There are 2 protein chains.
Amino acid sequence: MATGRTHRPATRSRGIPEATVARLPLYLRALTALSERSVPTVSSEELATAAGVNSAKLRKDFSYLGSYGTRGVGYDVEYLVYQISRELGLTQDWPVVIVGIGNLGAALANYGGFASRGFRVAALIDADAAQAGKMVAGLPIRHTDELESIIADNLVSIGVIATPAGAAQEVCDRLVAAGVTSILNFAPTVLSVPDGVDVRKVDLSIELQILAFHEQRKAGEELGEAVATARKAVKRPGSDGDVPAVMPV
Amino acid sequence: MATGRTHRPATRSRGIPEATVARLPLYLRALTALSERSVPTVSSEELATAAGVNSAKLRKDFSYLGSYGTRGVGYDVEYLVYQISRELGLTQDWPVVIVGIGNLGAALANYGGFASRGFRVAALIDADAAQAGKMVAGLPIRHTDELESIIADNLVSIGVIATPAGAAQEVCDRLVAAGVTSILNFAPTVLSVPDGVDVRKVDLSIELQILAFHEQRKAGEELGEAVATARKAVKRPGSDGDVPAVMPV
DNA sequence: CCATCTTTGTGCACGCGTTCACAAAGACAT
DNA sequence: ATGTCTTTGTGAACGCGTGCACAAAGATGG
């Protein structure tokens, strides 16, 4: 995970392990690529390589969905694409709202991977009244005041939070109160939500810090601190509680 | 994670479990907030709540770093901030390059959480010659041709890939050849790298698909498919192999 | 129809991560 | 100094995830 996932007691949803669910999109992407090249069938070995996982793991993952393979041949690409899509709920239309249209929010709004997977950006919401009405990615920015009605009118159940850290919890509370039950959080804060609401977290800063940890270790072990001391050591300038004007990722 | 992490055989780096390393930045953030409020000490219970984890887990995590707590009192906030920062390598200066300055790349360049953690954006690199020289976040966009020299001149060991999926592997190869040993990948592709290079992956599309899976499950169980059928089902429009003009996240 | 060969599906064992529960340690008051 | 009270640090048990290794299944050729 690079991505941080949030406190889920590793619930086994409908018999499908959480770890498997997290890999299904990976398989789906690899299968879609094969489908475009009109490849009819694929073995677990080939597909596993394409998805960057172990072939035994892949076969076990698929076994949770049912027996869709043919021994001696492999898996039917088209059929598997359909089954995984259905399992993930991608055959439905999922309206999504993005709250916080700063640099990141705008980038997300322009993201091409949305529509192709059944996700549809229903509305863009920002607290800055001066931004209201401005067009981003073909949609007008709406003011936060309209949040509740937008959620209700569009039957939105998935919300994306791309606000500064300080505003995230309040936005989260309002989204949940309005009926949103799944939240993707880009703000660097721990969100508290009632039971029944899923939160997933994406935190660039954390990912970089994890990389730095291993990087430091590599430099220390392999080069005898040579590189480490070459980089000029700096004392920590400050913190990042509420990031100012700039959009936190 | 939400964040997708990439094939790391759960190596235990220097005795500190990978899962613990992934939580250290979380603790650090909570501690930094306490430090700003001039809170001198904190108990494992309080800190665990603030970081959204179990208190026993937090204590065990800290025990891998050494015994920094005082029984009956708790942990010294400032001291712990320093220890974790040092453990994560944040007392060093980490120059970072961002390759692919589309919507997302620009958002990352403007991200405020970089500098505050010892990460410094050394350069922005894009393949589009027409973009070269344009200023983003106070830095000029440099052309891909300069990639190797930029890496070498700045002793860069961490690279961020925010290019379209089709370009990611080539960029990755060049970064690695130039000396980069840690990569944060935002492109929706599986990157293959030699041993000794760390890759972490952030994939918005995957996070949303995981949310959709649970959302579908909730709707199916609790509302008896009512909502599910209310949303108009759509057939999948297409795939996302190489996303066209728009920046993939 | 039978033999052979490929590939799936899974039983099993192992290791990591999480959590409980408690003993040890130290602060603090008397 | 002694007792009480709070909180840490960790031993131990449990559960999930992973990967090996193999038997069963089916395709394919003779």
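One numbering rule holds for all chains: residues counted from 1, following each sequence as written. Whichever chain is written first becomes A and whichever ligand is written first becomes 1, with later ones labelled in order. Only residues with pLDDT of at least 70 get local features here, since the model is predicted, and only at 80 or more are side-chain atom pairs given and counted; chain-wide, interface and lining totals rely on the full set of residues. Here the side-chain values reflect all heavy atoms present in the structure, with hydrogen atoms and water set aside.

K.L.:
Just checking my understanding: could you explain the overall build of chain A for this structure?
P.N.:
A tally of regular secondary structure across chain A gives nine helices and eleven strands. With a 1.4 Å probe rolled over the protein chains alone, any residue whose accessible area is under 20% of its type maximum counts as buried; one over 50% counts as exposed, and the rest are partly exposed. A burial count over chain A gives 53% of its 249 residues as buried. Contacts between residues were defined by any pair of non-hydrogen atoms, one from each residue, lying within 4.5 Å. Taking all contacts inside chain A whose residues are at least 6 apart in sequence as the whole, residues at least 24 apart take part in 61%. Accessible surface, chain A as shown: approximately 10,200 Å² in total, 53% of it carbon and sulfur. Under the scheme used here, helices are H or I runs from DSSP no shorter than 4 residues and strands are E runs no shorter than 2 residues, and both carry numbers assigned from the N terminus. In this description, accessible areas are obtained by the Shrake-Rupley approach with a 1.4 Å probe, and a residue is regarded as covered only by the protein chains that are shown.

K.L.:
Hey, could you run me through the sheet that holds strand 3 (residues 69-70) of chain A in this one?
P.N.:
Sheet strands associate in pairs through backbone hydrogen bonding, adopting either a parallel or an antiparallel arrangement. Residue and element names in this part refer to chain A. Being paired, for any two strands, means DSSP has found at least two bridges between them. Within the open sheet, the three strands sit side by side as 2-4-3. Their pairing is antiparallel. The open sheet has two free edges, formed respectively by strand 2 (41-42) and strand 3, since each of these has just one partner strand. Sheet analysis places strand 2 next to strand 4 (residues 74-76), joined by two bridges and oriented antiparallel. Pairing of threonine 41 across the sheet is with aspartate 76, part of strand 4.

K.L.:
It is not clear to me how the UniProt feature "DNA-binding region" (unreviewed entry) in chain A should be interpreted in this structure. Could you clarify?
P.N.:
UniProt positions are given in the numbering used here, feature names are shortened, and annotations may be inferred rather than shown by experiment. In the UniProt entry, the feature "DNA-binding region" (unreviewed entry) is given for residues 26-65 of chain A. Along residues 26-65 of chain A the backbone is 75% helical and 5% strand, and the end-to-end C-alpha distance reaches 15 Å.

K.L.:
Is there a simple way to explain the protein's contact with DNA strand D in this structure?
P.N.:
By nearness alone, 25 residues border DNA strand D, and Lys57, Lys60 and Arg71 of chain A together with Ser44 and Tyr75 of chain B come closest of all. In these notes, residues near a molecule or strand are those with any non-hydrogen atom within 4 Å of it. The sugar and phosphate moieties of DNA strand D supply 63% of its atoms located within 4 Å of the protein. What qualifies as a polar contact is a pair of N or O atoms within 3.5 Å, subject to a donor-acceptor requirement within protein and to the restriction that residues adjacent in sequence count only when both atoms come from side chains. Arginine 23 of chain A is positioned with one of its side-chain polar atoms (N or O) 3.0 Å from a phosphate oxygen of DNA strand D. At a separation of 2.5 Å, a base oxygen of DNA strand D approaches a polar side-chain atom of lysine 60 of chain A. Mapped by element, the contributors of at least two residues to the surface near DNA strand D are helix 1 (18-36) and helix 3 (55-65) of chain A together with helix 3 (55-65), strand 3 (69-70) and strand 4 (74-76) of chain B.

K.L.:
Explanation requested: helix 2 (residues 44-51) of chain B in the structure shown.
P.N.:
Since there are 3.6 residues in each turn of an α-helix, residues three or four apart along the chain are aligned in direction. Residue and element names in this part refer to chain B. By the burial criterion, the buried members of helix 2 are Ser44, Leu47, Ala48 and Ala51. Looking straight down helix 2, one finds its buried side chains confined to an arc of 100°; they lie on one side. Elements that come into contact with the buried residues of helix 2 comprise helix 1 (18-36), strand 2 (41-42), helix 3, strand 4 and helix 4 (77-88). At the C-terminal side of helix 2, glycine 52 shows a positive phi close to 75°. Note that the arc is defined by the directions from the helix axis to the C-beta atoms.

K.L.:
How should the side chain of threonine 144 of chain A be read in this particular structure?
P.N.:
All names here are of chain A. Inspection of the secondary structure puts threonine 144 in the loop between strand 8 (139-143) and helix 6 (147-154). Residue threonine 144 is classed as buried on the basis of its relative accessible area of 11%. When sequence neighbours within four positions are dropped, the list of residues in contact with threonine 144 reads Ile125, Asp126, Ala127 and Arg174.

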